[in-house]
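Structure at a glance
Each chain, written out:
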Amino acid sequence: MKNFNPADKIQDLQYFGEFGGVNPSISDSSTYTFLSAKTMFDTFEGNMEGCYLYSRHSSPSNLYLDQALAAMEGTETANVSASGMGAITPTLLQLCGAGDHIVSSRTIYGGTYAFLKNFTPRFGIETSFVDITKLDVVEATITSKTKVLYCETVSNPLLEVADIAGLAKIAKKHNLKLVVDNTFSPLSVSPAKLGADIVIHSLTKYINGSSDTVGGVTCASKEFINSLKNVNSGASMLLGPTMDSLRSASVMKNLRTLHIRIKQHSHNAHYLADQFEKDGLKTVYPGLKSHPSHELYKTMINPEYGFGGMLTIDVGTLEKANELMELMQERNLGYLAVSLGFYKTLFSAPGTSTSSEIPLEEQKEMGLTDGLIRFSIGLDNDIDRTYEMMKQCMVDVGVLHSAEIHKEVFTEIR
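Owing to the predicted nature of the structure, the values given are computational and were not obtained by experimental measurement.

1. Describing the sheet that holds strand S12 (residues 372-376)
If you trace the 5 strands from one edge of the open sheet to the other, you get S8-S9-S12-S11-S10, paired in mixed fashion. The open sheet has two free edges, formed respectively by strand S8 (282-284) and strand S10 (335-336), since each of these has just one partner strand. Pairing of strand S9 (residues 310-314) with S12, which is carried by 5 bridges, proceeds in the antiparallel orientation. Note on S12: the bridge partner recorded for Leu 311 is Phe 375. Packing against the sheet, helix H11 (residues 258-278) makes contact with S8 and S9, and its axis sits at approximately 20° to S9.

Structure follows, in C-alpha cells:
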C-alpha cells in the first residue's frame, strides 16, 4: 500500500454545489422527473447513466458519498445504505442462495453473527464459524458449496487480526468471494488493495464519527454494485435499506476529517494500551508487541494512521467490569455505551451487549470472558491526564491493585 494513501484519495475529490457551493447540493427528493418516456424506460432497464429514477435506487447525494468511499477503499464504486447491517445483509444475500455455504470468522459483530447463525438458514444458507487467524483451518472448512469467506479486518470484540492477503489467496484458489468488514480500521487498512473482493463499513462508527447517524456502505466492483441495485434482482434495491440524502450529506462532511481523527484515536489508544500493560492489566491492542498478530498487522497497515482506537482489558468478572465502567462514566471519562468511533471514549462489556447474540458456551470457546471491557478510545487532548484518571478509577474499585499483586507474584515466580 506504499503507493496508495486513502486520505489523499478523499482529499482529491472536489464537488461543487448547484450554486457553486463548496459542499455538493443535497437532493431532497424521493422521485425524479424525465423529459421523455423513453429515458424513463431506459433507466428502469439500467441502460441510462446520469439519470435518477427513485431514491431507493439511487440519489445524487448518495452517489457523492458512494464515490468518496470507493475512492477511500480503492474500489470501482460503492453503495451506501441506512445502516451497517443494511450493507452486510444484502451483500451476503446477493452472493449466496439456497444450498450455499459461508466460511466466517468466529469473532465478528454480534448482529452479523446472529444473521449468519439464525437468519440465513431460513433461506438454506449455512455458515461455518472458524478461527480466521488459522489459514489451514479456513481452507479445510471450504466445501464444494462454499461461496464466501467473511471476516473483519480487526475482529469485534477480541481484536483478532485477519490475514487478508492470505485469505485472498485461498479465496481465489477456490473461486470464492472474500468479504471484509473494515469498520474498525478505516484508512489504517485498505482490504481491497490486499486482495479482498468486497469491503464493508458501518458508517455509524469512525467514518461519521459523531454518533448521530446510522449508515453503512458496500465497496466493490461496478458489476457487483450494479447487481445489488438491479430493479429486478438486487438485494439492496428489493430489501430497501436506503440511506437518506440528508444523512448522506452529513457523513460526507465528517469524512473529510477522518484522517485527523483516526490519527488521534490511534495515538490515544496506543498510549493507554502501553500504560495498562505496564500496570499488569491483561490488555489486548494490535499495536502491542504482545498481540499475537502484531507483526502481521504491521505489514498490513498504513503506518501514518496507527493501530486503531480499539482496545480491551480483562478485569476478571462482570461485576467488577460494571463497577469500573460506572465509575469511569460518573467521573466524565466517557460513556457506558455500545458502538465506537465517538469523540468521547465509549466502553462496554461485549459479552452482555454487542456480542450477547453469541451463546455463552461459544463466547467461552472463543475467549470472550465475562470481565472483558471493550474501549473505543476518544479524541482526548491530554491522554496522560485521561490515563491518570482511569488509573485512579481502577485503584478505587480494586482492579489495578489486584493486577499489581498478580504482576509482582508472577515476577517473583519467574
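2. A closer look at the pattern of salt bridges
If you walk through the whole model with that rule in mind, you get 9 salt bridges. Here Asp 100 ties to Lys 147 by a salt bridge, and the two come within 3.2 Å at their closest N and O atoms. With Asp 100 in the loop between helix H4 (85-95) and strand S2 (101-105) and Lys 147 in strand S4 (residues 146-152), the pair connects residues that are 47 residues apart, well separated along the chain. Classification of Lys 147 by relative accessible area gives partly exposed; the value is 33%.

3. Re the packing of aromatic side chains
Applying the stated criterion across every chain yields a total of 10 aromatic pairs. With a centroid separation of 5.9 Å and 45° between ring planes, the pair formed by Tyr 297 and Phe 307 is classed as tilted. Residue Tyr 297 is found in helix H12 (residues 294-300), and its partner Phe 307 is found in the loop between H12 and S9; the two are separated by 10 residues along the sequence. Given the relative accessible area of 1%, Tyr 297 is considered buried.

4. Section: the side chain of Arg 374
Looking at the element boundaries, Arg 374 is found in strand S12. Among buried charged residues, Arg 374 stands out as having no salt bridge; its nearest opposite-charge side chain is Glu 152, 8.2 Å away. A distance of 2.9 Å separates the side chain of Arg 374 from the side chain of Asn 156, its partner in a polar contact. Within the local environment of Arg 374, its side chain forms a polar contact with the backbone oxygen of Ser 339, the two atoms lying 3.1 Å apart.

5. A look at the sheet that holds strand S1 (residues 77-81)
Overall, mixed pairing links the 7 strands, which are arranged S1-S7-S6-S5-S4-S2-S3 in an open sheet. The sheet terminates laterally at S1 and strand S3 (126-130), the two strands that pair on one side only. This sheet shows a mean twist of 20° between the axes of neighbouring strands, independent of strand direction. Sheet analysis places S4 next to strand S5 (residues 177-181), joined by 5 bridges and oriented parallel. Paired with Tyr 150 across the two strands is Val 179, which belongs to S5.

6. Some words on the side chain of Ser 266
Take Ser 266: it is sitting in helix H11. Looking at Ser 266, its side chain comes within polar contact range of the main-chain nitrogen of Gly 308, at 2.9 Å. Contacts of Ser 266, omitting those with residues within four sequence positions, involve Tyr 285, Tyr 305, Gly 306, Phe 307, Gly 308 and Gly 309.

7. A look at unusual backbone geometry
For residues that are not glycine, phi is negative in most cases, and the peptide bond is trans in most cases. Going from Asn 156 to Pro 157, the amide bond is cis rather than trans, its omega being 5°. Within the element layout of this structure, Pro 157 appears in the loop between S4 and helix H7 (164-173). The phi angle at Leu 159 is positive, at roughly 60°, despite the residue not being glycine. Following the sequence through the fold, Leu 159 ends up in the loop between S4 and H7. You will see that Leu 187, though not glycine, has its phi angle at about 70°, which is positive. Its relative accessible area of 2% is what places Leu 187 among the buried residues.

8. Concerning the confidence of the model for the protein chain
Averaged over every residue, the pLDDT of the protein chain is 91; residues scoring 70 or more account for 90%. Considering only residues more than four positions removed or in separate chains, one finds that residues 405-414, a stretch of pLDDT under 50, has 3 contacts.

9. Looking at helix H5 (residues 110-119)
With 7 of its 10 residues buried, H5 lies for the most part within the structure. Gly 110, Gly 111, Thr 112, Tyr 113, Ala 114, Phe 115 and Leu 116 are the residues of H5 that are buried.

10. Focus: the nonpolar core
Nonpolar side chains in soluble globular proteins tend to be buried together. Among the nonpolar cores identified, the biggest contains 82 residues, and Leu 69, Leu 178, Leu 255 and Leu 311 are the most heavily contacted of them. Among the elements that take part in this core, H11 stands out by supplying 6 residues, more than any other. Apart from the residues lying within four places of it in its own chain, the contact partners of Leu 255 are Ile 10, Leu 65, Ala 68, Leu 69, Met 72, Ile 207 and Arg 261. By size, the runner-up hydrophobic cluster in this structure holds 21 residues, among which are Ile 88, Val 148, Ile 198 and Ile 200.

The rules behind the values
- Residues numbered from 1 in each chain as written.
- Predicted model: local features only at pLDDT ≥ 70, side-chain atom pairs only at ≥ 80, totals over all residues.
- Heavy atoms only, no water.
- Pairing = 2+ DSSP bridges.
- Helix = DSSP H or I, 4+ residues; strand = E, 2+ residues; numbered from the N terminus.
- Contact = heavy atoms within 4.5 Å.
- Axes fitted to C-alpha atoms, helices over the stretch in contact; angles between N-to-C directions.
- Salt bridge = Lys/Arg side-chain N within 4 Å of Asp/Glu carboxyl O.
- Buried < 20%, exposed > 50% of the residue type's maximum accessible area, 1.4 Å probe, protein only.
- Phe/Tyr/Trp six-rings, centres within 6.5 Å; stacked < 30°, edge-to-face > 60°.
- Lys, Arg positive; Asp, Glu negative; His and termini not counted.
- Polar contact = N/O pair within 3.5 Å; in protein donor to acceptor, adjacent residues only side chain to side chain.
- pLDDT = per-residue confidence, 0-100.
- Core = buried A, V, L, I, M, F, W, Y, C linked by side-chain atoms within 4.5 Å.

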